[in-house]
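Next come the chains, spelled out residue by residue.
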Amino acid sequence: MRPISGIHMETVDTAIIGAGAIGLALARTLSADRSVVVLEQENRVGQHLSSRNSEVIHAGLYYPPGSLKSRLCLAGSKALYRYCEATGVPYRQCGKLLVAQKGQEAQLQQLHDNAEAVGAPALKRLSRTQWQQQEPWLNASEVLLSPGSGIFDSHSLLSQLQQDAHLNGALITLCHQVTRIECEPNDYRLLVADSNKQHFTLRCRQLILAAGLYNTSLLESAAGFPTDQVPEQRQARGNYFALSGRSPTRRLVYPMPEAHGLGVHLTVDMANQARFGPDVEWITPTLPPDYLINAERKSTFVDAVQQYWPDLNPDRLQPSYAGIRPKLYLQNKPLTDFLIQDVGSHGLSGMINLLGIESPGLTAALAIAEEVKGRLG
Ligand SMILES: Cc1cc2nc3c(=O)[nH]c(=O)nc-3n(C[C@H](O)[C@H](O)[C@H](O)COP(=O)(O)OP(=O)(O)OC[C@H]3O[C@@H](n4cnc5c(N)ncnc54)[C@H](O)[C@@H]3O)c2cc1C
């Protein structure tokens, strides 16, 4: 392989592109026994997907048996609860109510059966008297409680992972953007631009793409990477509206899931402030991503929320923030699972690409790191 433009070259065992939750979890795990550099283009960690989400620890109810999302969410939630407990990352296993309206009872039963089939923590059916006593504001036909669901402080998680990786000797470099990749098995060269637009080349034996929404565009221009292995990526924005004043509950409340999303749900944060969302808004893909919240969607939010909270006063909803889901397509068909590419798919040993890591990626982060470690060997 020829050196990129003959510029100053550094060498490392493992390079990770992206310091979101996935890149940082990987840095923590892999730096235990190898030299690791994380390259992050922004001036702070976790500025994209990892700070624009619901901060829910998912219990693995929705994903089909045998899928990566199912396996990694179940393992990841256990690992995340343990990690939060051990390190002091704030969390609360607050539980989640799954709410069916009239005509949706069969959908609720399917969720119950799927949770049982994948071995998720058991769902409890609440009687009408029980849920009306506990949540008198709620409108429903049937309600299941998921005791395994919870919330956590994602910013504290990112700091803790970063700190652990540092202690192991990993180098996390902010304001460093990878602008080009050249691939050969067990030999990767990255052209990196720093904040002064000075370039250097980083050479590594192992390369992990954990660049979230940017992964597919990096692969499209990667020399030596098979083009037929780059999936199409579309973007589905999720808008959030915050509730001013007191939350009606300290639990999570989810309606029945819809295509491409989990329905406009109510989540609370660690300060017990409630927010609603995310919805699903297909947008023209852009990089950098367009996080402008679409305030015009308020009326659809009000309609969706009033299904389970008829007394919601619409004046209490304010546009808050938005996140963007990376949605993968292969031959025009949606790929609903995570896509973890390794030598078996692209033929390049030492390279792992983490594609389509939408929800439940935060919950699964620690398990994804173990999975990647196993695949790298
Ligand atoms: C609306 C929404 C709600 C969600 N809610 C939940 C939830 O409640 N629970 C849950 O478990 N999961 C949730 N998720 C999923 C979760 O947020 C993601 O799976 C997770 O944050 C993905 O992290 P990441 O590290 O892959 O991506 P990111 O956090 O986006 O990190 C990628 C990093 O790569 C960097 N990068 C990109 N290109 C380059 C380059 N060329 N050079 C250097 N750096 C680069 C970026 O700057 C970025 O920091 C949600 C997602 C969305 C969109």
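Before any of the text, the structure's been laid out above.
Let me begin by describing the structure that accompanies this report. (Residues numbered from 1 in each chain as written. Predicted model: local features only at pLDDT ≥ 70, side-chain atom pairs only at ≥ 80, totals over all residues.)

## What about the overall build of the protein?
Scanning the protein for helices and strands turns up 9 helices and 21 strands. Relative to the globule expectation of 21 Å for 377 residues, the C-alpha radius of gyration of the protein, 21 Å, shows essentially globular dimensions. With respect to the principal axes defined by its C-alpha atoms, the protein has extents near 70 × 40 × 40 Å. Burial status across the protein gives 45% buried among its 377 residues. Across the protein, contacts joining residues at least 24 apart in sequence account for 74% of those joining residues at least 6 apart. (Helix = DSSP H or I, 4+ residues; strand = E, 2+ residues; numbered from the N terminus. Rg over C-alpha atoms; globule rule 2.2 N^0.38 Å. Buried ≥ 20, exposed ≤ 12 C-beta atoms within 10 Å, placed from the backbone. Contact = placed C-beta atoms within 7 Å.)

## Structural notes on the pairing of strand β12 (residues 199-209)
Pairing analysis gives 6 bridges linking strand β11 (residues 187-193) to β12, with the strands arranged antiparallel. By the bridge assignment for β12, L191 is matched with T201. Counting the residues that bridge the hairpin from β11 to β12 gives 5 residues, and of these K197 lies at a positive phi of roughly 65°. Pairing between β12 and strand β21 (residues 351-355): 3 bridges, direction parallel. Bridge pairing in β21 links L209 to N353. (Pairing = 2+ DSSP bridges.)

## With respect to the packing of helix α1 (residues 21-30) against helix α9 (residues 361-376)
What describes two packed helices is the angle between their axes and the distance between those same axes. Two numbers describe how α1 lies on α9: the axes approach to 8 Å, and their chain directions differ by 40°. For the element pair α1 / α9, the angle class is oblique. When you trace α1 past α9, the crossing you get is right-handed. In this structure, α1 contributes A21, I22, A25, L26, R28, T29 and L30 to the contact, and α9 contributes G361, L362, A365, L366, I368, A369, E370, V372 and K373. Class assignment of the residues belonging to the contact of α1 with α9 gives a composition of 11 nonpolar, 2 polar and 3 charged. (Axes fitted to C-alpha atoms, helices over the stretch in contact; angles between N-to-C directions. Parallel < 35°, antiparallel > 145°, perpendicular 65-115°, else oblique. Left-handed = near helix turned anticlockwise from the far one by under 90°. Nonpolar A, V, L, I, M, F, W, Y, C, P; charged D, E, K, R; others polar.)

## Side note on the environment of L68
Mapping L68 onto the fold places it in helix α2 (residues 68-87). Exposure remark for L68: the 18 C-beta atoms within 10 Å place this residue in the partly exposed category. As a C-alpha pair, L68 and L339 span 271 residues in sequence and 8.2 Å in three-dimensional space. Here L68 is in contact with D337, F338 and I340, once residues within four sequence places are set aside.

## Notes on unusual backbone geometry
The step from G277 to P278 runs through a cis peptide bond, and the omega angle for that step is -5°. As for its position among the elements, P278 is in the loop between β16 (274-277) and β17 (281-283). Cis geometry is adopted by the peptide bond preceding P288, which originates at L287 and carries an omega value of 0°. One non-glycine residue with positive phi stands out, namely C175, at about 55°. The exposure class of C175 is partly exposed, given the 14 C-beta atoms found within 10 Å. Phi is positive for K197, which is not a glycine, with a value near 65°. You can call K197 exposed: it has 8 C-beta atoms within 10 Å.

## Some words on the site of the ligand
Inspection of the region around the ligand gives 41 residues, with G18, G20, N53, G212 and G361 positioned closest. Elements represented by at least two residues in the shell around the ligand include exactly α1, β10 (177-184), β18 (317-330) and α9. Of the residues in the shell around the ligand, the class split is 18 nonpolar, 18 polar and 5 charged. Of the domains in this structure, domain 1 (9-51 + 156-231 + 333-376) and domain 2 (94-149 + 233-330) are the two that each give at least three residues to the shell around the ligand. (Near = placed C-beta within 6 Å. Domains from an automatic or database assignment.)

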